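Remarks on the overall topology
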Amino acid sequence: MTLLDTRPGIAAAFRKLTEVTGVYVDTEAVVSRLGPPLREEIRRWFPPDRVEEAVRTYRALYPEYAVTTSRLLPGAAEAVAEVRKRGLRVVVVTSKLGRLARLHLEHVGLEVDDLAGDLFAEGKATALTAHGVRLYVGDHVGDMIAARTAGIPGIGVTTGPCDAEELRSAGAELVLGDLTGFPQALPRVMRLAL
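A brief structural summary. Being a predicted model, the structure only gives us computed values, none of them experimental.

Digging into the overall build of the protein chain
In terms of regular secondary structure, the protein chain is built from 10 helices and 7 strands. Its C-alpha radius of gyration of 17 Å places the protein chain within 12% of the 16 Å reference for a compact globule of 194 residues. Each of the 194 residues in the protein chain was classed as buried or not, and the buried ones make up 51%. Contacts in the protein chain between residues far apart in sequence, at least 24 positions, make up 54% of those at least 6 positions apart. Element-wise, carbon and sulfur atoms account for 50% of the exposed surface of the protein chain, whose accessible area totals about 9,200 Å². Placing the 24 positive and 25 negative side-chain charges of the protein chain at their respective mean positions leaves the two points 3 Å apart.

Next comes the structure, spelled out in structure tokens:
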């Protein structure tokens, strides 16, 4: 939940998954720990022999139940605009499947230069490096691990499941409550990226 609040839709998709599969999923618990890959969450609720089926079912339900309730988080549009104003590219690197993440971005009208999906923690570092990303903003300790692994500054935002101390401990160079302070912080953080 760095750019978008996707919790209502994710909860709705998991409620529908419960209805379709008959396997109870506590949606409040799910949305309280967003960030890690979908399979990790599915494994908490489904027996091993049903995990892949549940992942496929959830992803099939996702476009109908999870996208239209997403909304931009405070400061997200301004943060993207500030990056662009400086002649830099905006690359979204997410654990969400890329095609599903793109649906969210299109729904809220947020244009980005590139998107890499289905990655987490160290796995995100590969995409960060491949896209020449110079700093990474994220809401999870896995995002700070990605930045550290890629050798770039990580900026944490506490709009997701991790608090400021967790993000700092994971290597965040700076922690913001949300993205409203990002435009003012960007020049200082860019000096770290040089």
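Moving on from the coordinates now.
Quick word on the sheet that holds strand 5 (residues 136-138)
Read across the sheet, 3 strands follow the order 5-6-7 without closing on themselves; strand pairing throughout is parallel. Whereas interior strands pair on both sides, the edge strands pair on one side only; in this sheet they are strand 5 and strand 7 (174-176). Between one strand and the next, the sheet's axes are offset by a mean angle of 25°, whatever the strand orientation. Summarising the sheet, strand 6 (residues 154-157) and strand 7 pair through 3 bridges and their orientation is parallel. For Gly156, the partnering residue across the bridge sits in strand 7 and is Val175.

Focus on the side chain of Asp139
Inspection of the secondary structure puts Asp139 in the loop between strand 5 and helix 8 (141-150). Buried and unpaired, Asp139 has no salt bridge, with Lys124 as the nearest side chain of opposite charge at 6.3 Å. One polar contact links the side chain of Asp139 to the main-chain amide nitrogen of Met1, over a distance of 2.4 Å.

Notes on the pattern of salt bridges
Pairing is possible between side chains that carry opposite charge, provided their charged atoms lie close to one another. As enumerated under the stated definition, the model contains 13 salt bridges in all. Taking the shortest distance from any N to any O, the salt bridge between Arg84 and Asp113 comes out at 3.4 Å. Note that Arg84 is positioned in helix 5 (residues 76-85) and Asp113 in the loop between helix 6 (98-108) and strand 4 (114-116), a separation of 29 residues in sequence. For Arg84, a relative accessible area of 32% puts it in the partly exposed group. Overall, Asp113 belongs to the partly exposed group, its relative accessible area being 36%. We note a salt bridge from Asp114 to Arg89, for which the minimum N-O separation is 3.9 Å. You can see Asp114 sitting in strand 4 and its partner Arg89 sitting in the loop between helix 5 and strand 3 (91-93), a full 25 residues away along the chain.

Overview of the packing of helix 1 (residues 7-21) against helix 4 (residues 51-65)
Interaxial distance between helix 1 and helix 4 falls to 9 Å at its minimum, and their mutual angle equals 130°. Relative to helix 4, helix 1 is oriented oblique. Of the two possible hands of crossing, helix 1 and helix 4 adopt the one that is right-handed. Within the contact between the two elements, helix 1 uses Gly9, Ile10, Ala12, Ala13, Phe14, Lys16, Leu17 and Val20 and helix 4 uses Ala54, Thr57, Tyr58, Leu61, Tyr62 and Tyr65.

Some words on helix 6
Regarding helix 6, the residues found buried are Gly98, Leu100, Ala101, His104 and Leu105. Buried residues of helix 6 fall within an arc of 165° about the axis and therefore sit on the same side. Turned more than 90 degrees from where helix 6 packs its buried face, Arg99 and Glu106 sit exposed. Tucked into the core, helix 6 has its buried residues touching strand 1 (4-5), helix 4, strand 3 and strand 4.

Conventions we followed
Residues numbered from 1 in each chain as written. Predicted model: local features only at pLDDT ≥ 70, side-chain atom pairs only at ≥ 80, totals over all residues. Heavy atoms only, no water. Helix = DSSP H or I, 4+ residues; strand = E, 2+ residues; numbered from the N terminus. Rg over C-alpha atoms; globule rule 2.2 N^0.38 Å. Buried < 20%, exposed > 50% of the residue type's maximum accessible area, 1.4 Å probe, protein only. Contact = heavy atoms within 4.5 Å. Areas by Shrake-Rupley, 256 points an atom, 1.4 Å probe, with all protein chains shown as cover. Lys, Arg positive; Asp, Glu negative; His and termini not counted. Charge placed at Lys NZ, Arg CZ, Asp CG, Glu CD. Pairing = 2+ DSSP bridges. Axes fitted to C-alpha atoms, helices over the stretch in contact; angles between N-to-C directions. Salt bridge = Lys/Arg side-chain N within 4 Å of Asp/Glu carboxyl O. Polar contact = N/O pair within 3.5 Å; in protein donor to acceptor, adjacent residues only side chain to side chain. Parallel < 35°, antiparallel > 145°, perpendicular 65-115°, else oblique. Left-handed = near helix turned anticlockwise from the far one by under 90°. Arc of directions from axis to C-beta.

Nothing here speaks to function; it is geometry throughout.
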